[in-house]
Amino acid sequence: MHAIVLREFGPPENLKWEEVPTPQPGAGEVLVRVGAVSIDLFQMVFRSGRGMPHVKLPRIMGNGIAGTIAELGSNADGVKTGERVVINNNLSCGNCRYCRAGRETLCLYLNNHTAMIGAHLDGGYAEYVCVPARNCVPLPAEVTFEQACLIPNTIGPVVKACSGRAGIHAGENVLIIGAGGGMGLHAIQAARACGGRVIAAIRSNKTAAAAREAGADVVFSTQEHDTVQFVKGVTDGLGADVVLDFVAQRDTLPPSINALAPGGRLVIMGYFPKGGVLETPTWVFIEEITVTGNRSAGRQDIADTVALIRQGRIKPVISRVFPLKEAVAAHRAFEVGEIVGRAVLVC
Ligand SMILES: [Zn+2]
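Residues numbered from 1 in each chain as written. Predicted model: local features only at pLDDT ≥ 70, side-chain atom pairs only at ≥ 80, totals over all residues.

A. Molecular detail of the domain arrangement of the protein chain. According to the domain assignment, the protein chain contains domain 1 (2-150 + 316-346) and domain 2 (156-293). If you average the C-alpha positions of domain 1 and of domain 2, the two centres end up 29 Å apart. Across the boundary between the two partners, domain 1 contributes five residues, which contact five residues of domain 2. Residues belonging to the side of domain 1 that touches domain 2 are distributed by class as follows: two nonpolar, one polar and two charged. (Domains from an automatic or database assignment. Contact = placed C-beta atoms within 7 Å. Nonpolar A, V, L, I, M, F, W, Y, C, P; charged D, E, K, R; others polar.)

B. Highlighting the pairing of strand 14 (residues 318-323). The sheet contact formed by strand 14 and strand 15 (residues 342-346) spans five bridges and is parallel. Note on strand 15: the bridge partner recorded for P323 is V346. Assessed by its sense of winding, the connection that carries the chain from strand 14 through helix 11 (residues 327-335) to strand 15 is right-handed. (Pairing = 2+ DSSP bridges. Helix = DSSP H or I, 4+ residues; strand = E, 2+ residues; numbered from the N terminus. Right-handed = clockwise from strand over helix to strand, strands pointing away.)

C. Structural context of the pairing of strand 3 (residues 29-39). Buried residues dominate strand 3, accounting for ten of its eleven residues. In this sheet, strand 6 (residues 128-132) lies alongside strand 3 in antiparallel orientation, the contact comprising five bridges. Its bridge partner being in strand 6, V32 is matched across the sheet by V129. Pairing analysis gives four bridges linking strand 3 to strand 15, with the strands arranged antiparallel. Among the inter-strand pairings, S38 is bridged to a residue of strand 15, identified as V344. (Buried ≥ 20, exposed ≤ 12 C-beta atoms within 10 Å, placed from the backbone.)

D. Looking closely at the packing of helix 4 (residues 151-165) against helix 5 (residues 182-193). Following both chains from N to C, one finds helix 4 and helix 5 inclined at 45°, their axes separated by 9 Å at the closest point. Judged by the inter-axis angle, helix 4 sits oblique to helix 5. Pair helix 4 / helix 5 crosses with right-handed handedness. Judged by residue contacts, T154, I155, V158, V159, A161 and C162 of helix 4 engage G182, M183, H186, A187, A190 and A191 from helix 5. Counted by class, the contact of helix 4 with helix 5 contains nine nonpolar, three polar and no charged residues. (Axes fitted to C-alpha atoms, helices over the stretch in contact; angles between N-to-C directions. Parallel < 35°, antiparallel > 145°, perpendicular 65-115°, else oblique. Left-handed = near helix turned anticlockwise from the far one by under 90°.)

E. The packing of helix 1 (residues 41-48) against helix 11, seen in detail. Running from N to C, helix 1 and helix 11 cross one another at 110°; their axes reach a closest spacing of 10 Å. One finds that helix 1 runs roughly perpendicular with respect to helix 11. Here Q43, M44 and R47 of helix 1 lie close against helix 11, whose contacting residues are H331, F334 and E335.

As structure tokens, then:
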């Protein structure tokens, strides 16, 4: 088969189109004919060597995968050949205390950093990929592979953040920091699907139209307005019930927490530097503030997201589609900021 192989961490040009052996599914695994695979920030971080420099190369990257089951390994239960699926990329153990409690993204096995398809194991930048049968989530005919490949890394995590971590109720004010980015544009839709009123904070007005199109009720630029003042101004002085911070840096986190209403929840969705300090203008205990984080999506989050897309309540934002062979061009386009929403590779 053909695949894009990374032999050395570095720039996009290190992604090489090669002929490699087609993998064979082992026990409990299936061979998937890749339909589409997503391009997102994790791919840039991994390829450059900034994310997981300890991972052994060569590696076939790609961990937002949708395709068709082509072949079953022994004991591959609950799936069938020809079935359209989207792949959960985390190999959680299913048996630890977190998996038992339905919080598989906190799986103790994952914490050993040995278990992500497309990073520690070969992924979807290829014509075929082998994955565990239990990582396959069925895909109805109404959801395309291009749409579905955005679910594992982009749309699934924001659906989990909105309905799970933040628990957005109908009518609540939801401030989204980084609303113009690939995660943010889908978070706008996910928060609306929960019944939230979305206040979208963007840095540059370049993404204002996309944020409005995604359904934001209010859009403002953080270069033109003070975030806390602006949010209080459009929430009767109360602040936001929920803040989703996708930037999560020293310049966004203080306004994120200070823009919360009493009883508010802040969900951190970025790699906030360790050792950072969050200062609040009041006592967290008096206002019963919640500060939490949101890791990747679990299998049920992926299935829930498939349903939301099928129902038309979330529309995946895809601005560019590249053939797999042109992975270098796709990575370059992402890195120079040419992509609104997401780009995908198709086989
Ligand atoms: Zn586990």
